[in-house]
Amino acid sequence: MAEWEVVKPKNKAVGWFEERLPVLSLVNNVVGPATPTPRNLNYFWNFGSLAGLMLVIQIISGVVLAMHYAATTGLAFDSVERIMRDVNYGWLIRYMHANGASFFFIAVYIHIFRGLYFGSYKAPREVLWMLGVVIFLLMMATAFMGYVLPWGQMSFWGATVITSLFSAIPVVGESIVQLLWGGFSVDNPTLNRFFSLHYLLPFVITGVVILHIWAKKISDSGNPLGIEVQSGADQIPFHPFYTIKDAFGAGVFFFILAAFIFFMPNALGHPDNYIPADSLVTPDSIVPEWYFLPFYAILRSVDFPLGIPGVIEILDAKLLGVIAMFASILVWLALPWLDTSKVRSGNFRPMFKWFFAFLVVDMFILMWLGAQKPEGNIPLYGKFATLYYFAYFFVVLPVLSRKEKTLPLPDSISSAVLKPAE
Amino acid sequence: MSTLETTNQEDEGATRRDFIHVAAAGMAGVGAVGALWPFIDQMNPAADTLALASVEVDISKIDVGSAIVIKWRGKPVFIRHRTAEEVAEAEAVSLSDLIDQQSDEERVKTGESKWLVVVGVCTHLGCVPLGTKSGDDRGEFGGWFCPCHGSHYDTSGRIRKGPAPKNLEVPEYAFLNDSTLKIG
């Protein structure tokens, strides 16, 4: 961690306040001129601050929507339609919030896979990484509950299917599902508590984000070369260099977000969610939002029990599927100990590179499979895609850590990225 | 030669203090767990939700061979007036052909085998199977067919083919008189 540099404002009043609560020093040392940062960060390093910006946009637009939304089964759908038709700029704010959720996930997925490729989970950044996984899990819970609030057909049936997953837990499963529902099916009590938690969790996320940034301050940013900073020559101040780079990236990102909000606001949603929830009619197919599809595909692919067929069944198929889905994310927590290669950056790992590239492809395949009806060969493809996903973490990474011949690392960041003096 | 300090540490003084610390922390822990319970239990079904847990249905207008769907505890319940052939078909199936082995007698009230009452929730992932309305696809076994992932149920609501693990659930019910059925 770099030295803490105290700000001494010239203005007396500001100085008086700064002595009592050093806000300016904090900013200065986290994203300011006194924040030395590796000089070679590429555009993949933009997505952390972008995700932070998306969180702010979601909170602001969400608080405003809550002023007009009614969390009661009889009113929820209509109150959302009223927001769309009658509330001044309601359509804009709701489309910002709905598409903003998707773009929040886009930013976070790129941020996560940046970390997977450049080894951001390795020492000394394990806790920083694990806090990120916690944020992702909280985001998934928040997004799921948010999608239930408009009380459309997909809201209702998505909530039914996902909460029913907990019924797979032996003995107490049914009781847990009733506890989650507050009744005998997804109904008014469920909607009410989902709204309460959907409002609460973003602030919990904010708290964990603060810890995440704190941990980043302790271990400093990683960088594309994956080698430690050795001298001041390897660094540049965060402000103005990365504030301006992040701002430029945000401009591009918001340009694309705006294109969705204004020209194809429902492209990422499901048309069935504009049909009011009906507990007696199931939609043709129940599809989660795109950002859940890879994990949904894993859930559906594991449709076989664990055990020896005909002899013993240790876990039934439904429970094993649920475990596989949660494990597919929780395995990220174990990454620092599964990948023990001393080389962080994939740039210097000739074999890792290919396995990683295929993991990215595999995620897109899983995403596609999750949206298909499980008929014909789809379940079989799902099994292969799921197998590779887990093999990457439990087989490929541990084996590569021992066997791979890595490329020589540069002596320092500055020697690798600066042109030699004329 | 012992000073006051060492006496306190080695003899009863320190251990008594330790005991008080452990006991106090333990009591605080028990209290915290006790205080937690109301905050968990409030999520369980409330008294008014439980009060709506039973419904009475007029079954005199359900023709032979047709079925109705009613809402009970927020879930659909199918009430089917089975034809004699359907009953015979359901009773004729041998248990070894079934995924979730249950005879038809276990799923209906004695002497009222023409009435089949099941919760209309597919045991796979909770969809509502088709087959209650006339003209619906009733699947390969003449009962219900779940369009979500292709589960086929027979005229006793038992799973015969597809991914669902269990038969359609039979709720608690009783015949109050010839035309009234109480569910729940």
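Predicted model only: the values in this text are computed from it and were never measured.

A. Seen up close, the interface of chain B and chain A. If you look at the interface, chain B gives 24 residues, while chain A gives 23 residues. With both chains or domains summed, chain B and chain A bury close to 1,900 Å², and 64% of this area falls on carbon and sulfur atoms. The three residues of chain B that bury the most area against chain A are B:M43, B:R73 and B:L125, which together make up 29% of that side's buried surface. Summed over the shared surface of chain B and chain A, the result is 0 salt bridges. Seen at the junction of chain B and chain A, the total is 5 residue pairs in polar contact (both at pLDDT 80 or more). Residues belonging to the side of chain B that touches chain A are distributed by class as follows: 13 nonpolar, 8 polar and 3 charged.

B. Local environment of the packing of helix 6 (residues 126-148) of chain A against helix 9 (residues 188-219) of chain A. Residues and elements named next belong to chain A. Packing of helix 6 against helix 9 leaves a shortest axis separation of 8 Å and a crossing angle of 160°. Taken together, the axis directions place helix 6 and helix 9 in an arrangement best described as roughly antiparallel. With respect to the hand of their crossing, helix 6 and helix 9 are arranged in left-handed fashion. Looking at the contact of helix 6 with helix 9, its residues break down into 21 nonpolar, 6 polar and 1 charged.

C. Structural view of the domain arrangement of chain A. Residues and elements named next belong to chain A. Looking at chain A, the domain boundaries give domain 1 (41-227 + 236-287) and domain 2 (289-405). Measuring from the centre of the C-alpha atoms in domain 1 to the corresponding centre in domain 2 gives 23 Å. The interface of domain 1 with domain 2 comprises 43 residues on the first partner and 39 residues on the second. Linking domain 1 with domain 2 are 1 salt bridge, by the criterion used here. When the shortest N-O distance is used, the salt bridge between K122 and D339 registers 3.2 Å. Linking domain 1 with domain 2 are 14 residue pairs in polar contact (both at pLDDT 80 or more), by the criterion used here.

D. Fine view of the sheet that holds strand 5 (residues 142-146) of chain B. Residue and element names in this part refer to chain B. The strand order 5-6-7 describes an open sheet built from 3 strands, whose pairing is antiparallel. With partners counted over all chains shown, the strands left at the sheet margins are strand 5 and strand 7 (159-161), one partner each. Strand-to-strand twist across the sheet, computed as the mean angle between neighbouring axes with direction ignored, equals 35°. As paired strands, strand 6 (residues 151-154) and strand 7 are joined by 2 bridges and run antiparallel to one another. By the bridge assignment for strand 7, H152 is matched with K161.

What counts and how
Residues numbered from 1 in each chain as written. Chains lettered and ligands numbered in written order. Predicted model: local features only at pLDDT ≥ 70, side-chain atom pairs only at ≥ 80, totals over all residues. Heavy atoms only, no water. Contact = heavy atoms within 4.5 Å. Buried area = accessible area lost by both parts, 1.4 Å probe. Salt bridge = Lys/Arg side-chain N within 4 Å of Asp/Glu carboxyl O. Polar contact = N/O pair within 3.5 Å; in protein donor to acceptor, adjacent residues only side chain to side chain. Nonpolar A, V, L, I, M, F, W, Y, C, P; charged D, E, K, R; others polar. Axes fitted to C-alpha atoms, helices over the stretch in contact; angles between N-to-C directions. Helix = DSSP H or I, 4+ residues; strand = E, 2+ residues; numbered from the N terminus. Parallel < 35°, antiparallel > 145°, perpendicular 65-115°, else oblique. Left-handed = near helix turned anticlockwise from the far one by under 90°. Domains from an automatic or database assignment. Pairing = 2+ DSSP bridges.

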